[in-house]
Amino acid sequence: MGGAGQRRTGGRTVADAERTAWRRRSTVRVVPPARPRKLAKVPFVELADGRLQGVVSSGSDVDRVYVSSIAAGTHAYHCSTNNNRPCGGLRGAPCKHLHALVDEALLQYGADRVARYLRADLADGAGTAGELLAALDARHEPTPAAVVFSRFLRHLSYLELPGSTVPLPELHWFPATGAGR
């Protein structure tokens, strides 16, 4: 009739019902990309920490990457190397790395979602990086690159792991799915 501290209700224990409810609440819905994108130019893009942010490859040096971001609401933008050296293209307007970041975010998330996240008024039918950037009341404001670059490196480390069905200890908080206990 159930373990210690468990009541039976309608053939199921209360603990089973609570576990099932927890699993439903704990599962993150994965949203597929709006359109496929190539990862060579912008290998990492995310809507997180109140910013559209990501890592953009340098057009002139294969060993250099830039961390670019646009803050939601204030639309403050910044672009620097992963070592916090400012982008030379920031001359009173968003640089080419920011344009590339927005282009890839539009592919990944769609124009409506990106505009909503940034709290930007995007004209109907607008859907290019230039149109979105023009809709922003943007200004340059330096932001540190370390957190975004660190998340990118962590993302890469998961890609290097061999395929396995064994849970990763650092991700133990993800619920087991499909298997009843």
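Presented here is a report on the structure given in the accompanying data block. In every chain, residue numbers begin from 1 and rise along the written sequence. Residues qualify for local features only when their pLDDT is at least 70, as the model is predicted, and side-chain atom pairs are given and counted only at 80 or more; totals for whole chains, interfaces and linings, by contrast, use all residues. Only hydrogens and water are set aside when side-chain values are computed; all heavy atoms of the structure are taken into account.

1. Considerations on the pairing of strand β5 (residues 65–71)
Thinking step 1. Only protein chains enter the accessibility calculation, which uses a 1.4 Å probe. A residue is then buried if its area is under 20% of the maximum for its type, exposed if over 50%, and partly exposed in between. Working definition: helices are DSSP H or I runs of at least four residues, strands are E runs of at least two. Numbering for both runs from the N terminus. Of all seven residues in β5, seven are buried, a share of seventy percent or more.
Thinking step 2. Going residue by residue along β5, you find V65, V67, S69 and A71 tucked away on one face and Y66, S68 and I70 tucked away on the opposite face as well.
Thinking step 3. When DSSP finds at least two bridges between two strands, those strands are taken to pair. Across seven bridges, the pairing between strand β4 (residues 51–57) and β5 is antiparallel. Across the sheet, residue L52 finds its bridge partner in β5, namely I70.
Thinking step 4. Alignment of β5 against strand β6 (residues 76–81), held across five bridges, turns out to be antiparallel. Following the sheet pairing, S69 is matched in β6 by H78.

2. A short note on the side chain of H75
Thinking step 1. Along the chain, H75 falls in the loop between β5 and β6.
Thinking step 2. Residues adjacent in sequence count toward polar contacts only when both atoms are side-chain atoms; beyond that, a polar contact is any pair of N or O atoms within 3.5 Å, and within protein one must be able to donate a hydrogen and the other to accept it. A polar contact of 2.8 Å, which involves the side chain of H75, links it to the backbone oxygen of L118.
Thinking step 3. In this description, contact between two residues means that some pair of their heavy atoms is separated by no more than 4.5 Å. The contact partners of H75, leaving out residues within four places of it in the chain, are I70, L118, R119, A120, L136, D137, A138 and R139.

3. Considering empty space enclosed by the protein
Thinking step 1. Buriedness for pockets is judged along seven lines, at least five of which must meet protein on both sides within 12 Å for an open set on the 1 Å grid over protein atoms alone, while cavities are sets there where a 1.4 Å probe fits but cannot get out, and lining residues have an atom within 4 Å of a point. Grid points are joined across faces, edges and corners, and a volume is the space filled by probe spheres set on the points. Counted under the stated rule, the structure contains one cavity of 30 Å³ or more.
Thinking step 2. Considered as a void within the structure, the largest cavity measures approximately 40 Å³ in volume.
Thinking step 3. Lining the largest cavity are R51, V67, S68, S69, H78, S80, T143, P144, A145 and V148.
Thinking step 4. Counting only elements with at least two residues in the lining of the largest cavity, the list comes to β5 and β6.
Thinking step 5. Broken down by element, the lining of the largest cavity gets its largest block of residues, three residues, from β5.
Thinking step 6. Looking at the lining of the largest cavity residue by residue, the class counts come to four nonpolar, five polar and one charged. Under this grouping Gly is polar, as are all residues other than the nonpolar Ala, Val, Leu, Ile, Met, Phe, Trp, Tyr, Cys and Pro and the charged Asp, Glu, Lys and Arg.

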